[in-house]
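The chain contents come next:
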Amino acid sequence: MVSPLKIGPLSIDPPVWQAPMAGFTNFAFRKIVRRFGGAGLLTTEMVSARGMRQIEARKGDLPERLWGVEDEPRPLAVQIWDNDPGLLAAVGHRLAHQLHVSVVDLNFGCPVKAVSQSAQSGSYLLRYPDRIAEIVARVVEACAPVPVTAKIRLGGSRESINAIEVAGAIEAAGGAAVTVHGRTAADRFRGSADWDQIARIKPHLKRMPLVGNGDLQTPEDVVEAFRRWSVDGVMIGRAALTKPWLFRQIRCALASEPIPPEPTLVEQRELLLDHYGMIVDRFGPTRGTIQMRRYACHYAQGHHGCRAFRSQIATAATPQQFAEAVDRYFPT
Ligand SMILES: Cc1cc2nc3c(=O)[nH]c(=O)nc-3n(C[C@H](O)[C@H](O)[C@H](O)COP(=O)(O)O)c2cc1C
């Protein structure tokens, strides 16, 4: 029913992309997603190009957010942000030619103050399509033949929606795909993603694929999105934090195959504990337990006793306390 998503030389099949989510889509999460399969392309958390440069210069090391990237399976996209074309090109070059990532994705959508207002990057740049074009052109040149993509929102605010213009600038500068989150920066996460606005961009693009993003929750939502709107691919974020197996279900739905059932509570418990194990191995018991609280809350979403689980897990500081909460709410 749907065709693979063409991103430069890559054929992303199914055309379903796991969204970058800062604080969540690290190596452990991506490993869990890969275990179930069904996501055509996975993405890291967004990485500050400036921060990466500084850390490499100081410690000769990659930033923590690139944990696992060197050895993990491909295809893999790494998302970077800044507003300096030369800096982004240098970091893009390193990612493409030394770390051999599959896609370098540029963030022009982040509305968080530290990125947009303070660093004049992310969604701040939506006001300056020429600057975006300059960045894309420089990064494309530095990364070739590795494709460079961009992720945007509809505009800065409802009054200044300019995604058609921005997407056109990205395409003209050599971008290999654009992902559009159907909200404006001012919307943050309020209201619903406006897929009509996303689809309105399509007739203005000559060759560059359009990826729609926002609020897709179920395999049926994805099938419906491809049916209703002329997008070449979709990107899924938050729903996969609660159901990392969602991509597998989506793949089946798109192929008109029976949708696999949700894992049982026992299987979900095992998944949560496996995930926890990976995080603790990497970050140690104290930091790992604190970091895992937010994942555990997502895993528990919609379950009986979810609120009580959340409040218990929110104070878990040791592996023992974590295990107690899991035992109580995810019984074997
Ligand atoms: C916790 C969180 C972190 C996010 N971090 C990023 C990020 O690093 N880069 C980015 O482009 N978008 C980021 N986003 C936005 C998502 O990629 C996505 O565009 C948004 O959540 C809408 O898609 P969804 O409704 O499928 O979640 C983040 C979203 C959330 C909820």
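Residues numbered from 1 in each chain as written. Predicted model: local features only at pLDDT ≥ 70, side-chain atom pairs only at ≥ 80, totals over all residues. Heavy atoms only, no water.

## Examining the packing of aromatic side chains
Alright, step 1. Under the counting rule described, the total for this entry stands at nine aromatic pairs.
Alright, step 2. Ring plane angle 65° and centroid distance 6.0 Å describe the contact between F36 and W245, whose orientation is recorded as edge-to-face. Separated by 209 residues along the polypeptide, F36 in helix α1 (residues 27-36) and W245 in the loop between α9 (239-242) and α10 (246-254) bring together distant segments of the chain.
Alright, step 3. With a relative accessible area of 16%, F36 lands in the buried category. (Phe/Tyr/Trp six-rings, centres within 6.5 Å; stacked < 30°, edge-to-face > 60°. Helix = DSSP H or I, 4+ residues; strand = E, 2+ residues; numbered from the N terminus. Buried < 20%, exposed > 50% of the residue type's maximum accessible area, 1.4 Å probe, protein only.)

## Considerations on the site of the ligand
Alright, step 1. Taken together, 17 residues sit near the ligand, with A22, Q79, N213, D215 and R238 positioned nearest.
Alright, step 2. One of the backbone N or O atoms of G237 is found 2.8 Å from an oxygen atom in the ligand.
Alright, step 3. Contact with the protein chains covers 86% of the free accessible surface of the ligand, which is 610 Å².
Alright, step 4. Using a 2 Å cut-off from the grid points, one finds that the ligand occupies the largest pocket.
Alright, step 5. Among the residues forming the shell around the ligand, the class breakdown is eight nonpolar, six polar and three charged. (Near = heavy atom within 4 Å. Polar contact = N/O pair within 3.5 Å; in protein donor to acceptor, adjacent residues only side chain to side chain. Areas by Shrake-Rupley, 256 points an atom, 1.4 Å probe, with all protein chains shown as cover. 1 Å grid on protein atoms, 1.4 Å probe; cavity = no way out; pocket = protein on both sides within 12 Å on 5 of 7 lines; lining within 4 Å. Sits in = over half its atoms within 2 Å of the grid points. Nonpolar A, V, L, I, M, F, W, Y, C, P; charged D, E, K, R; others polar.)

## Some words on the pattern of salt bridges
Alright, step 1. Applying the stated criterion across every chain, the model contains 16 salt bridges.
Alright, step 2. Of the charged contacts in the structure, one is a salt bridge between R50 and D82, with a shortest N-O distance of 2.8 Å. Of this pair, R50 sits in helix α2 (residues 49-59) while D82 sits in the loop between β5 (76-81) and α3 (85-97), placing them 32 residues apart in sequence.
Alright, step 3. By relative accessible area, R50 is classed as partly exposed at 39%.
Alright, step 4. Owing to a relative accessible area of 3%, D82 belongs among the buried residues under this scheme.
Alright, step 5. Via salt bridges that share partners, R30, R34 and E72 belong to a single interconnected network. (Salt bridge = Lys/Arg side-chain N within 4 Å of Asp/Glu carboxyl O.)

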